[in-house]
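Observations on the model geometry
Here is what each chain is made of, one letter per residue.
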Amino acid sequence: MKVYAAGSEAEVQAAVASLPGDDQIRLVSKIYDILTMPTLAARTEALLDALQDSSAPVSRWRPIDVFESATSCEHQRQHALQSFERAAAKVRTASPDGDELAFEEWTIFEGLAACRMSRCVPESAVLNR
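First, a word on what this report is: a plain description of the structure on this page. Once a new chain begins, its residue numbering starts again from 1 and follows that chain's sequence as written. Restriction of local features to residues with pLDDT of at least 70 applies here, the model being predicted, together with a cutoff of 80 or more for giving and counting side-chain atom pairs; totals for whole chains, interfaces and linings are based on all residues. Processing note: side-chain calculations cover all non-hydrogen atoms of the structure and skip hydrogens and water entirely.

1. Here we look at a nonpolar patch on the surface
Rules: Here, patches come from residues exposed beyond 30% relative accessible area and free of salt bridges, joined within 9 Å for like charges and within 5 Å for nonpolar side chains (Val, Leu, Ile, Met, Phe, Trp, Tyr). Residue-level accessible areas treat just the shown protein chains as cover; the underlying method is Shrake-Rupley with a 1.4 Å probe. A carboxyl oxygen of Asp or Glu within 4 Å of a side-chain nitrogen of Lys or Arg is what we treat as a salt bridge. Note on conventions: DSSP H or I runs of at least 4 residues are helices, E runs of at least 2 residues are strands, and numbering of each starts at the N terminus. Buried means the residue's accessible area, taken with a 1.4 Å probe over protein chains only, is under 20% of the maximum for its type, while exposed means over 50%, and partly exposed covers the values in between.
Together, Leu47, Leu51 and Trp106 line one region of the surface with nonpolar side chains, adding up to about 230 Å² of accessible area. Its location among the elements puts Leu51 in helix H3 (residues 40-51). Taking relative accessible area as the criterion, Leu51 reaches 35% and is therefore assigned partly exposed.

2. So, empty space enclosed by the protein
Inclusion rule: Think of a 1 Å grid over just the protein atoms. A cavity is a set of points where a 1.4 Å probe fits yet cannot get out, a pocket is an open set with protein on both sides within 12 Å along at least five of seven lines, and lining residues have an atom within 4 Å of a point. Grid points are joined across faces, edges and corners, and a volume is the space filled by probe spheres set on the points. Note on residue classes: Ala, Val, Leu, Ile, Met, Phe, Trp, Tyr, Cys and Pro are nonpolar, Asp, Glu, Lys and Arg are charged, and everything else, Gly too, is polar.
Per the counting criterion, the structure on display carries 1 cavity of 30 Å³ or more. Empty space within the largest cavity amounts to approximately 50 Å³. What lines the largest cavity is Thr39, Leu40, Ala41, Val91, Ser95, Pro96, Gly98, Glu100 and Leu101. Of the residues assigned to the lining of the largest cavity, the class counts are 5 nonpolar, 3 polar and 1 charged.

3. Some points on the side chain of Glu45
Where we set the bar: Contacts described as polar in this section are N or O atom pairs within 3.5 Å, which, within protein, must combine one atom able to donate a hydrogen with one able to accept it, while residues neighboring in sequence count only if both atoms come from side chains. When checking whether two residues touch, look at their non-hydrogen atoms; a contact exists if any pair is within 4.5 Å.
Note that Glu45 resides in helix H3. In this structure the side chain of Glu45 is engaged in a polar contact, spanning 2.7 Å, whose partner is the side chain of Arg116. Those residues within four positions of Glu45 in sequence are excluded, and the remaining contacts are Arg92, Phe109, Leu112 and Arg116.

4. Some details on the nonpolar core
Convention followed: Residues grouped as a nonpolar core are buried Ala, Val, Leu, Ile, Met, Phe, Trp, Tyr and Cys residues, joined through side-chain atoms within 4.5 Å.
Core analysis: the largest hydrophobic core is formed by 11 residues, namely Leu40, Ala41, Leu48, Leu81, Ala88, Val91, Leu101, Phe109, Leu112, Ala113 and Cys115. Of all the elements in the fold, those that place two or more residues in this core are H3, helix H4 (70-94) and helix H5 (103-117). Here this core takes 4 residues from H5, the largest share from any one element. In contact with Ala41, not counting residues within four places along its chain, are Arg92 and Phe109.

5. Brief notes about the pattern of salt bridges
The full count for this structure, using the stated rule, is 7 salt bridges. With a closest N to O distance of 2.6 Å, Asp49 and Arg116 form a salt bridge. Linking Asp49 in helix H3 with Arg116 in helix H5, this pair joins segments that are 67 residues apart in sequence. On the accessibility criterion, Asp49 (29% relative accessible area) is partly exposed. Glu85 is the salt-bridge partner of Arg116, the closest N and O atoms lying 3.4 Å from each other. Taken as a pair, Arg116 in helix H5 and Glu85 in helix H4 lie far apart in primary sequence, 31 residues in all. Since its relative accessible area comes to 26%, Arg116 is described here as partly exposed. On the accessibility criterion, Glu85 (30% relative accessible area) is partly exposed.

6. What about the packing of helix H2 (residues 21-35) against H3?
Definition in use: Note on method: axes are straight lines fitted to C-alpha atoms, helices fitted across the in-contact stretch only, with angles between N-to-C directions ranging 0 to 180 degrees. Just so you know how the angles are binned, under 35 degrees is roughly parallel, over 145 roughly antiparallel, 65 to 115 roughly perpendicular, and the rest oblique.
Their axes nearest at 9 Å, the elements H2 and H3 cross at an angle of 155°. By the angle between their directions, the pair H2 and H3 is classed as roughly antiparallel. Contacts from Lys30, Ile34 and Leu35 in H2 reach Arg43, Ala46, Leu47 and Ala50 in H3. In terms of residue class, the contact of H2 with H3 is built from 5 nonpolar, no polar and 2 charged.

Here's what the structure looks like:
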């Protein structure tokens, strides 16, 4: 799914209209699923997960760090994922009926979404950008 920035309702309508019919249906279904989630935290988390482009080529990925081995990289990735999961669980339970997330809470969900999609890849795959 691509992310569109729009400054007006007309721009949103034009972006949706430019999608093929099947993509429009998927988009509306995904939005409906997100909007009907019972809590703000769940909606935010689902939205940020939906914005991750799992089909993006490695050349468009943002390198985070370099590790000595794939095992070391995966260990650190799992550790970061667990840390984000714990922090997100605290946000989910702290105010399940809240109307607004603090900036720090939003960034936890951003980090969690990115960490879920992160992968360890050989340095050569990133250097050949």
